[in-house]
Amino acid sequence: GPGRAGAGQERRDALREELLLSPLPTGDVAATFQFRTRWDADLQRGAVSHYRLFPKALGRLVAALGVRELHLALTQGFWRTRYWGQAPLQAPAGAELWVWFQPTVTDVDKAWKELSNILSGIFCASLNFIDSTNTVIPTASFKPLGLANGTDHHLLRYAVLPREVVCTENLTPWKKLLPCGSKAGLAVLLKAERLFHSSYHSQAVHIRPVCRDASCLAVSWELRQTLTVVFDFFSSGQGKKDWSLFKMFSRTLTDICPLASQSKVYVDISPKNKEKELLEVSPTPTSVHEAIVQGDKKTYAVYDLLSPSLFNTSRSLNVQLKWKRPQDSSEMPIPTLHAQRYVGGYGLQTGEICTLIYNTHPYRAFPVILLETVPWYLRLYVHTLTIITKGKENKPSYIHYQPAQDRRRPHLLEMLIQLPANSVTKITIQFERALLKWTEYPPDPNHGFYVGSSVLSALVPSVTAMKDMDVEQSPLFTSLFPSSDGSSYFVRLYTEPLLVNLPTPDFSMPYNVICLTCTVVAVCYGSFYNLLTRTFHVEEPSRGGLAKRLANVIRKFRGVPPL
């Protein structure tokens, strides 16, 4: 028709979807969905009017507010790095949002506020509570993941809502952004009843500009929707480590998404030791893929849903994995980098935040960037900051501290710390609890106040040398954090969120005072008002009628006093 562009001017877009199934060392199973929509169009110029695979709501949002990169994650639970290993895509508990804006944006704070309100409506989340009291501007932790002409950190905004609860009302709009929705392809497995009956659930949206080809003369926009869920079969009562797609999602794969150019299922069948393989998958995979992922050599069984031979034998695909022999708990690997955080001290006046960072590499030291965001009502004493490694003081190579302002902005602390090989680094800083106004307390003040997770960013040395791979040919779970150096890989970790108690007044006392005061006022004032407003009338005694005289005559004969 006349409204369509010519074949040479048609903008190309493509959809890739994949599912990664990873048995964890503890016996749990992690399932990571990734849906990547790539569009060869320039959203910043505002010349796009027709949307095919890319969601129009997000495309117009990027064009209108001058967004260069957008990363949103909604997470329920905590990824246990010490026991589960490194996550393909880790996120903190609650809601996390960080955005890079274009240099053409004049008022970044206004655009940030408008963006958070719009995303709150799109994903049915409480992102409208993001304001200046929980927003920071990191200088070194969050670099652009896509193409970037400059890294002016004044164009970056980062915020975390650790108390955000993720549920089905957040999953439904997330699934509606998919080109096929939840009707076909891998998205048919996204059954809310099963996803939220798990130990860990995280859904995210990543928008960034990428190179269109190897020459990088043109820019394409990439939307990556990820969902990670961890199933614990022991807590569900099954008691076995054998699993299948039907056991996890109560569904199987029956149809492909007709809009997808690639649809694959990867199963991690890497042997845990060099002697004997532990895992056995069925049915027979389409192919086997080997890759270096996060410094380790991995082997994956690949099921290509677009392969004609996959659905010839049966109308559905139910991937099953069985353990050939029980796994020994002593074989549990320890990740090279992991951390934990807790609150120390006693009483409700002072305390300290303790962070432990572990480097388990036997002979390699590497630096790590630590980002701490602390609310304003915990007043940090920066002179009490101590960093101890192997009993000695460890001075940071770089430190950036922005003090908080009451009811305006939080504390921001960034440090570049060198971690020696096979060491534990302890970072402590003391704080004082502030006394809030009585109108600033939440409805459940005795539950405590949440402090967002710390962020660790590091280039971890790789045990196995990594080779440069084509991004379009490699799996999606290996291409979000591309590494330019083959001897290391990028890792971003999040510690546990903290729950801190603040001095809380007895909110039952106002209730008691109000009840007692109202009772006294009602009794005293009511009685006094009754006496002032009542009218008294004196009645004159009457002689009585005929009936009374007859009664008195009868009572006189009977000897009874008259009436």
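Everything numeric in this text was worked out from a predicted model, so none of it was measured.

1. A closer look at the confidence of the model for the chain
Taken residue by residue, the chain gives an average pLDDT of 85. The fraction at 70 or more is 88%. Predicted confidence is poor over residues 1-10, with pLDDT under 50, and the contacts of this stretch with residues over four places away or in other chains come to zero contacts.

2. Some thoughts on helix α3 (residues 108-123)
The end-to-end C-alpha separation of α3 is 22 Å, in line with the 22 Å expected for 16 residues at 1.5 Å each. Restricting attention to buried positions, one finds in α3 the residues Val108, Ala111, Trp112, Leu115, Ser116, Leu119, Ser120 and Phe123. Of the residues trailing α3, cysteine 124 is marked for its positive phi of about 55 degrees.

3. Looking at the nonpolar core
One finds Phe33 and Val267 to be the most contacted residues of the largest nonpolar core, which totals 85 residues. When residues are assigned to domains, this core turns out to be shared by domain 1 (14-237) and domain 2 (337-467 + 477-500), each giving three or more. Among residues more than four places away in sequence, those in contact with valine 267 are Leu21, Trp243, Val281, Thr299, Tyr300, Ala301, Tyr303, Val319 and Leu321. Leu337, Leu385, Ile417 and Phe431 belong to the second-largest nonpolar core, a separate cluster that totals 35 residues.

4. Observations regarding the state of the cysteines
Using the criterion set out here, one finds one disulfide in the structure. Free of any disulfide, cysteine 518 has its nearest neighbouring cysteine sulfur in cysteine 515, separated by 6.9 Å.

5. Concerning the side chain of asparagine 170
One can find asparagine 170 in helix α4 (residues 168-176). For asparagine 170, a relative accessible area of 1% translates into the label buried. Discounting chain neighbours no more than four positions away, the residues touching asparagine 170 are Leu74, Phe123, Cys124, Ala125, Val165 and Gln203.

6. Some points on the pairing of strand β14 (residues 320-323)
Residues of β14 alternate between two faces, with Leu321 and Trp323 buried on one and Gln320 and Lys322 left unburied on the opposite face. As paired elements, strand β9 (residues 243-244) and β14 share two bridges and run antiparallel to each other. By the bridge assignment, tryptophan 243 is partnered in β14 with leucine 321.

7. A word on the pattern of salt bridges
Enumeration over the complete set of coordinates arrives at 14 salt bridges. Across the salt bridge formed by aspartate 40 and arginine 12, the nearest N and O atoms sit 2.8 Å from each other. On the criterion of sequence distance, the pair formed by aspartate 40 in the loop between β2 (29-39) and α1 (56-65) and arginine 12 in the segment before β1 (13-23) is long-range, its members being 28 residues apart. Judged by its relative accessible area of 10%, aspartate 40 falls in the buried class. For arginine 157, the salt bridge is made with aspartate 109, and the minimal N-O distance between the two is 2.9 Å. Placement of arginine 157 in strand β6 (residues 156-161) and of aspartate 109 in helix α3 is noted, with a sequence separation of 48 residues between them. Arginine 157 gets classed as buried once you look at its relative accessible area, which sits at 6%. Judged by its relative accessible area of 47%, aspartate 109 falls in the partly exposed class. One connected set of salt bridges, linked through shared partners, spans Arg12, Arg38, Asp40 and Arg212.

Analysis parameters
Residues numbered from 1 in each chain as written. Predicted model: local features only at pLDDT ≥ 70, side-chain atom pairs only at ≥ 80, totals over all residues. Heavy atoms only, no water. pLDDT = per-residue confidence, 0-100. Contact = heavy atoms within 4.5 Å. Helix = DSSP H or I, 4+ residues; strand = E, 2+ residues; numbered from the N terminus. Expected span 1.5 Å × (residues − 1). Buried < 20%, exposed > 50% of the residue type's maximum accessible area, 1.4 Å probe, protein only. Core = buried A, V, L, I, M, F, W, Y, C linked by side-chain atoms within 4.5 Å. Domains from an automatic or database assignment. Disulfide = S-S within 2.5 Å. Pairing = 2+ DSSP bridges. Salt bridge = Lys/Arg side-chain N within 4 Å of Asp/Glu carboxyl O.

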